[in-house]
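Fold and contact review
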Amino acid sequence: MKFSAFLLLAICVLISGFIHGCRKNFTRQRYETIYTGMQDREVLDILGEPNGENAQSWWYEGKQPYYKAIIQFENSRVKDKSWSWSRPRQTPIP
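Scoring rules and cut-offs
Here the residue index of a chain counts from 1 through its sequence in written order. Where local features are concerned, this predicted model is filtered to residues with pLDDT of at least 70; where side-chain atom pairs are given and counted, the filter is 80 or more; whole-chain, interface and lining totals use all residues. Heavy atoms from the whole structure form the basis of all side-chain values; hydrogens and water molecules are not counted. Numbering goes from the N terminus for both helices and strands, where a helix is a DSSP run of H or I of at least four residues and a strand is a run of E of at least two. Only protein chains enter the area calculation, which uses a 1.4 Å probe; residues under 20% of their type maximum are buried, those over 50% are exposed, and those in between are partly exposed. For two strands to count as paired, DSSP must find a minimum of two bridges between them. Between two residues, a contact is recorded if the distance between any of their heavy atoms is within 4.5 Å. For helices, the fitted axis covers only the stretch in contact; all axes are lines through C-alpha atoms, and the angles between them, taken along N-to-C directions, range from 0 to 180 degrees. Throughout this description, the term salt bridge denotes a Lys or Arg side-chain nitrogen within 4 Å of a carboxyl oxygen of Asp or Glu. Here is the rule: rings of Phe, Tyr and Trp (six-membered ring for Trp) pair when centre to centre is within 6.5 Å. Planes less than 30 degrees apart are stacked, more than 60 are edge-to-face, and the remainder are tilted.

Some points on unusual backbone geometry
One non-glycine residue, N75, lies in the positive phi region at around 55°. As for its placement among the helices and strands, N75 is situated in the loop between β3 (67-74) and β4 (77-85). What makes N75 exposed here is its relative accessible area of 73%. Even without being a glycine, S76 presents a positive backbone phi close to 65°. By the secondary structure assignment, S76 is in the loop between β3 and β4. Residue S76 is classed as partly exposed on the basis of its relative accessible area, which comes to 41%.

Observations concerning the sheet that holds strand β1 (residues 52-53)
Within a sheet, neighbouring strands are paired by backbone hydrogen bonds and run either parallel or antiparallel to one another. Pairing within the open sheet is antiparallel, and its four strands lie in the order β1-β2-β3-β4. Two strands close off the open sheet at either side, each with one partner strand: β1 and β4. The sheet contact formed by β1 and strand β2 (residues 57-62) spans two bridges and is antiparallel. Residue pairing for β2: G52 is matched across the bridge by W59. The sheet strands contacting helix α3 (residues 40-47) are β2, β3 and β4, and the helix crosses β2 at an angle near 10°.

Considerations on the pattern of salt bridges
Enumeration over the complete set of coordinates arrives at three salt bridges. Note that K63 and E61 form a salt bridge whose closest N and O atoms lie 3.8 Å from each other.

Re the packing of aromatic side chains
Inspection of every chain in the model, using the stated rule, returns eight aromatic pairs. For the pair Y31 and W83, a centre-to-centre distance of 5.1 Å together with 45° between the ring planes defines the contact as tilted. A residue pair is termed long-range when its members are at least 10 positions apart, and Y31 in helix α2 (residues 28-32) and W83 in strand β4 qualify at 52 residues. W83 carries the same exposure label as Y31, and that label is buried. Here a set of aromatic residues connected by ring pairs shows up, and it is made of F26, Y31, Y60, Y67, W83 and W85.

As far as function goes, none of this settles anything; it's purely spatial.
Below is the structure:
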C-alpha cells in the first residue's frame, strides 16, 4: 500500500513538472528571438499563446514588473514588433 501511494505521488510530481516545463514563458530573451518575416506559428512556438489579439497583431504581457510586447503581422508573417515597460491602466477608459 505504501509503495502504491509513493508511486502515485511520484507520477503526479512528474506530470506536474512536465506540464510546467511545456508551458511557454513570455520573456525579453524569447521576445528578442522574434524577427521580421517570421511566420506566426513560429512566434506561437517561442512565446506561446498571446494575452490578446486582433486581426493584425498579438500582444503579450508580463506582470512582475509589468512589461508588454506587441507583434504586428502581415500575411501571417511578422511585420513589426515593439516592447515597453509600463504600468497597466488602473482606471477604465470612459
